Amino acid sequence: MKYTTSILIAVIVLSFESCKKQPEHLNENYIPVNKCQSFEVDGKILVCCLDSVIQDSRCPVNAICIWQGIAVARFSLNSENKNHIITLATTNFPPYNKEAIVSGFKIEFKNLLPQREMGKPFNYHDYVAELRITRP
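**Student:** I'd like to hear about the environment of Glu-117, residue by residue, with values.
**Tutor:** Positionally, Glu-117 belongs in the loop between strand E7 (105-113) and strand E8 (128-134). With relative accessibility at 35%, the residue Glu-117 sits in the partly exposed group. Along the sequence, Glu-117 and Cys-59 sit 58 residues apart, while their C-alpha atoms lie 8.6 Å from each other.

**Student:** Let's hear about the pairing of strand E4 (residues 71-79): which residues, and what values?
**Tutor:** Burial within E4 is extensive, with seven of its nine residues counted as buried. Relative to strand E5 (residues 82-89), E4 runs antiparallel, the two sharing eight bridges. Within E5, the residue paired with Asn-78 across the bridge is Asn-83. Hairpin connection, E4 to E5: the antiparallel pair is bridged by two residues, and Glu-80 has positive phi, about 55°.

**Student:** I'd like a description of the pattern of salt bridges, backed by residues and values.
**Tutor:** Applying the stated criterion across every chain, the model contains eight salt bridges. Within the structure, one salt-bridge network assembled from shared partners comprises Asp-56, Arg-58 and Arg-116.

Rules used in this analysis
- Residues numbered from 1 in each chain as written.
- Predicted model: local features only at pLDDT ≥ 70, side-chain atom pairs only at ≥ 80, totals over all residues.
- Heavy atoms only, no water.
- Helix = DSSP H or I, 4+ residues; strand = E, 2+ residues; numbered from the N terminus.
- Buried < 20%, exposed > 50% of the residue type's maximum accessible area, 1.4 Å probe, protein only.
- Pairing = 2+ DSSP bridges.
- Salt bridge = Lys/Arg side-chain N within 4 Å of Asp/Glu carboxyl O.

What follows is the structure, encoded as structure tokens:
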């Protein structure tokens, strides 16, 4: 009986650990740094690229902060062979805005992933921007 209980506990612990290590699922609204994503809204196409993360002063997930901080990123957009470069932030904080309207598309910077953790190394190339693209 002890042997069976020990095996059951080991299986449960390993199951929980394996769930933590699975990569976060990305959908069509996520753009990795130095990559592009094509969006189609109402028959119009917008290609959006996350060029760079300019600033990430957000509070780490395992810290207590007075202010939530801000992430700022630079995006390249192309619609109908017209190129645009915009800078958006995760929070409206002058001189940055959280959203912009470009070529008839509303681009909203929802989040920057992953959220940093204190004491853990971070690789710049792990950044992924979550956007919401609509027609205004």
